[in-house]
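Coordinates in review
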Amino acid sequence: MIVDVHTHFFRPELDFGSRLMADLARCGVNPAAWGDLRARHLATTKAADVAIVFGLQAAATGWNIPNEAVAAQVQSAPERLIFFASIDPARPGIEEELEHNHQELHCHGVKLAPIYQGVHPLDPRYRRIYAYCQQHKLPILIHMATTFSSGTPLEYARPAQIDQVAIDFPDLKIIMAHLGHPWEGETIAVIRRNPNVYADLSALYYRPWQFYNSMRLLVEYHAESKVLFGSDFPFTTTEDSLKGLRNLNAVLGASGLPPIAPQTIEDIIHRDALGLLGLPHPAKTEPLTGAATHGKEAEARAQAERPDPPRADSLPQERTS
Ligand SMILES: [Zn+2]
């Protein structure tokens, strides 16, 4: 079974603030080129058997994707999509937000992003989220890697910070996104020594030399069993991420450098991410009732208010995550 642990859902025309739009423009990314994200997300995630889906709540950098909209997207294919809620620790009412998303929207995990949210990962507000997630067995996926978004300290993204989180919350299942690029070595140090900390390989294949080096480092530290497959849709697709991972040795050419064993790559692609994270297969969970309906109604209203999404045939050249 293939699990894409890292897919985004958002509606740029509704959910992106001015700072984010300016940052994207500076990096040459036009969100309109992503086309109809609702349909494309449902189509691309079919390249995996199951996909984890989240938005992002990060007022500091202009991301405001309502969790209700993400939950509604998941309800379009509830047998293969898993909803993770995003909680912004900079906003008041952390516990209420967690309870609402957990008990009413039925999230199965939580997406966090200190560099986007402008809060240090060891801040007491994050600790309240970690405590809730540990208590309720909700895995967290946390962006510990650089970004194009501006205005917050890069230090908040350093993967080594998660070592202390893992020590203080030993039963919390943690996925560090993007293998912590460009600090892959730090990430490997953290996932290797903490049993419940993993990393995903999303958004890496299109920097082929760095990706190869990161994979070598993983293999040399014998930490490859702690990494999971992920794409980072819509910055790329599930299909292209699988292709990019399987094509990872192409960068070596005739250099004589040692390739990554194809079996190592296939093991990562087919890793039992759901089992490791303690997540049930979505096809085997109870069908949702009230909360999902509420989410769908809210989404239908939002849909009615927005203009038709622009269409485009290709992805932007500039990759951002
Ligand atoms: Zn991402």
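Provided above is the structure to which this section pertains.
The sections below set out a description of the structure shown in this document.

What counts, and at which threshold
- Per-chain numbering applies: the sequence of each chain, read as written, is numbered from 1 onward.
- Totals for whole chains, interfaces and linings use all residues, but because this is a predicted model, local features are given only for residues with pLDDT of at least 70 and pairs of side-chain atoms are given and counted only at 80 or more.
- At least two DSSP bridges between two strands are needed for those strands to be called paired.
- Working definition: helices are DSSP H or I runs of at least four residues, strands are E runs of at least two. Numbering for both runs from the N terminus.
- The exposure label follows from counting other C-beta atoms within 10 Å of a residue's C-beta, where the C-beta atoms are placed from the backbone and the thresholds are 20 or more for buried and 12 or fewer for exposed, leaving partly exposed in between.
- The arc refers to the directions leading from the helix axis to the C-beta atoms.
- Two residues form a contact once the distance between their C-beta atoms, set from the backbone, is within 7 Å.

Further remarks concern the sheet that holds strand E1 (residues 3-8). Across the sheet, which stays open at both edges, the eight strands sit in the order E1-E2-E5-E6-E7-E8-E9-E10 with parallel pairing between neighbours. Unpaired on one side and paired on the other, E1 and strand E10 (227-228) mark the two borders of the sheet. Where strand E9 (residues 197-200) and E10 come together, two bridges link them in parallel fashion. Bridge pairing links Ala199 to Val227 in E10.

On to the pairing of E1. With six of its six residues buried, E1 lies for the most part within the structure. As defined by bridge partners, E1 adjoins strand E2 (residues 50-54) across four bridges and the pair is classed as parallel. Directly across from His8, in E2, lies its bridge partner Phe54.

It is worth spelling out unusual backbone geometry at this point. The step from His181 to Pro182 runs through a cis peptide bond, and the omega angle for that step is 5°. Summarising the element assignment, Pro182 is placed in the loop between strand E8 (174-176) and helix H9 (184-193). In this structure, the amide linkage connecting Phe233 to the following residue, Pro234, adopts the cis form with an omega of 5°. Residue position: Pro234 is located in the loop between E10 and helix H11 (238-246).

Here the focus is H11. Residues of H11 that are buried include every one of Thr238, Ser241, Gly244 and Leu245, and no others. Projected onto a plane normal to the axis of H11, the buried residues spread over an arc of 125° and lie on a single side. Turning to H11, the residues buried within the fold contact E1, helix H3 (37-44) and helix H12 (262-269).

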